[in-house]
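Listed below are the residues making up each chain.
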Amino acid sequence: MNKSIKIGKKIISENSPVYIIAEMSGNHNQSFERAKKIIDEVKKTGADAVKLQTYTPDTITIDCDAPAFHTGKGLWENEKTLYSLYQKAYTPWEWQEELKNYAESIGLDCFSSPFDLTAVDFMTKVGMPAIKIASYEINDIPLIRKAAKTGKPIIISTGIAYLEDIERALRTCKEENNENVILLKCVSAYPSPYEDMNIKLIPNMKDTFECVVGLSDHSPGSEVALGAVALGAKVIEKHMTIKRSDGGVDSEFSMEAEEFSQMVSQIRNLEKALGRATYTLTEKQKEGRRGSRSLYVVKDIKKGELITEENVRSIRPGGGLHTMYYDNVLGKTAASDYKKGTPLSWDMVRG
């Protein structure tokens, strides 16, 4: 897989800044103006991209009341059926080109997750720069194949994937000569418990699949995202809304705009702190060495007087002989008179 991938004008690679995606999902609450407002808020956070979802209730499921189509216990149990849930959550397709164009006009990338083959055609037609395969679609090989054929970068979440699912998805992309694939560690629980996140897998995924890796994060707060960045994640995706109190099908596990902004700032600070694996000192560290220890005259010494533990010691600051020479200078004689506070040097020592 390629180690450097371009989405819009941004390069995502080992040496690039983390690419941060704000997932709008259903947080527009079926209001186009609210969707645009979310994009405005995403821009303010400093994120790189906003992500949509491209489906209708009829392209993602069917209207059926059989038990298998019930939402079950948990966050969406009041919706009863998947069809009912998706009626509330989907983003109307007639909005999406305008939302994409608006996002791009203010400097954000905008792309989407397709949930059937027609959605890939639609996303290609409106010129979305990347395709995100959601966790539950990682086993939809026809969908992945069609997405890969577009030649666009493919981001794949692995929330419900066994190892063989990931291998099959990547193999499908390779078969279509598309190696611009990013894998995201993910837990498909809403919200995701911390103890299930297992972000130590991120460097293993990077080494195993030899690709760019990241995190699609549904856990509360920013701690897990920051940990993932420290472990090598180059993409972070989290749901964002304006205020959770506004409600909506995904609001409970979405970051508020202010929280998202803080996370972006924390990631940028962390990137600076991570630096690189080197023992070379920075200029500030070199400057700081002047405050380190060295050998100094700590009591006035007359010419010819013995250098002893009483008149020469290892103290702060630096500037004198290295402390490793302490035993070498003891018992030698002073070449001249020296005042207390004089940094010791070899030309001050005789014998």
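Before reading further, recall that the structure is shown in the block above.
Right, let's talk about helix 1 (residues 32-45) for a bit. Compared with an ideal rise of 1.5 Å per residue, which puts 14 residues at 20 Å, helix 1 spans 20 Å between its outermost C-alpha atoms and is within 8% of the ideal. Three or more residues of helix 1 are buried, namely Phe32, Arg34, Ala35, Ile38, Ile39, Glu41, Val42 and Thr45. Contact partners of the buried residues in helix 1: strand 3 (19-23), strand 4 (49-54), helix 4 (93-105), strand 10 (235-241) and helix 10 (257-274). Immediately downstream of helix 1, the backbone of glycine 46 shows phi near 90°, a positive value.

A few words on the nonpolar core. Ranked by internal contacts, the top residues of the largest apolar core, which has 79 residues, are Phe111, Ile156, Ile236 and Phe260. The element contributing the most residues to this core is helix 10, with six residues.

Here the focus is the pairing of strand 10. Burial runs high along strand 10: seven of the seven residues are buried. Judged by which residues are buried, strand 10 turns out to be covered on both faces: Val235, Glu237, His239 and Thr241 on one side and Ile236, Lys238 and Met240 on the other are all buried. Taken together, the five bridges between strand 3 and strand 10 define a ladder with parallel strand orientation. Across the sheet, residue glutamate 23 finds its bridge partner in strand 10, namely histidine 239. Bridge count for strand 9 (residues 212-217) against strand 10 is three bridges, and the pairing is parallel. Its bridge partner being in strand 10, leucine 215 is matched across the sheet by isoleucine 236. A crossover links strand 9 with its parallel partner strand 10, the connecting element being helix 9 (residues 223-230), and its sense is right-handed. Here two bridges tie strand 10 to strand 11 (residues 255-256), and the two strands are oriented parallel to one another. The residue bridging threonine 241 from the neighbouring strand is glutamate 256, located in strand 11.

This part is about the pattern of salt bridges. Enumeration according to the criterion identifies 20 salt bridges in this entry. Among the charged side chains, a salt-bridge network with shared partners connects Lys10, Asp48, Arg268 and Glu271.

For the rest of this paragraph, the subject is the packing of aromatic side chains. In the structure shown here, the tally under the stated rule is eight aromatic pairs. With a centroid separation of 5.6 Å and an interplanar angle of 70°, the aromatic rings of phenylalanine 32 and tryptophan 95 are classed as edge-to-face. Of this pair, phenylalanine 32 sits in helix 1 while tryptophan 95 sits in helix 4, and the two are 63 residues apart along the sequence. The residues phenylalanine 32 and tryptophan 95 share a single accessibility class, namely buried. With a centroid separation of 5.2 Å and 65° between ring planes, the pair formed by tyrosine 325 and tryptophan 346 is classed as edge-to-face.

What counts, and at which threshold
Residues numbered from 1 in each chain as written. Predicted model: local features only at pLDDT ≥ 70, side-chain atom pairs only at ≥ 80, totals over all residues. Heavy atoms only, no water. Helix = DSSP H or I, 4+ residues; strand = E, 2+ residues; numbered from the N terminus. Expected span 1.5 Å × (residues − 1). Buried < 20%, exposed > 50% of the residue type's maximum accessible area, 1.4 Å probe, protein only. Contact = heavy atoms within 4.5 Å. Core = buried A, V, L, I, M, F, W, Y, C linked by side-chain atoms within 4.5 Å. Pairing = 2+ DSSP bridges. Right-handed = clockwise from strand over helix to strand, strands pointing away. Salt bridge = Lys/Arg side-chain N within 4 Å of Asp/Glu carboxyl O. Phe/Tyr/Trp six-rings, centres within 6.5 Å; stacked < 30°, edge-to-face > 60°.

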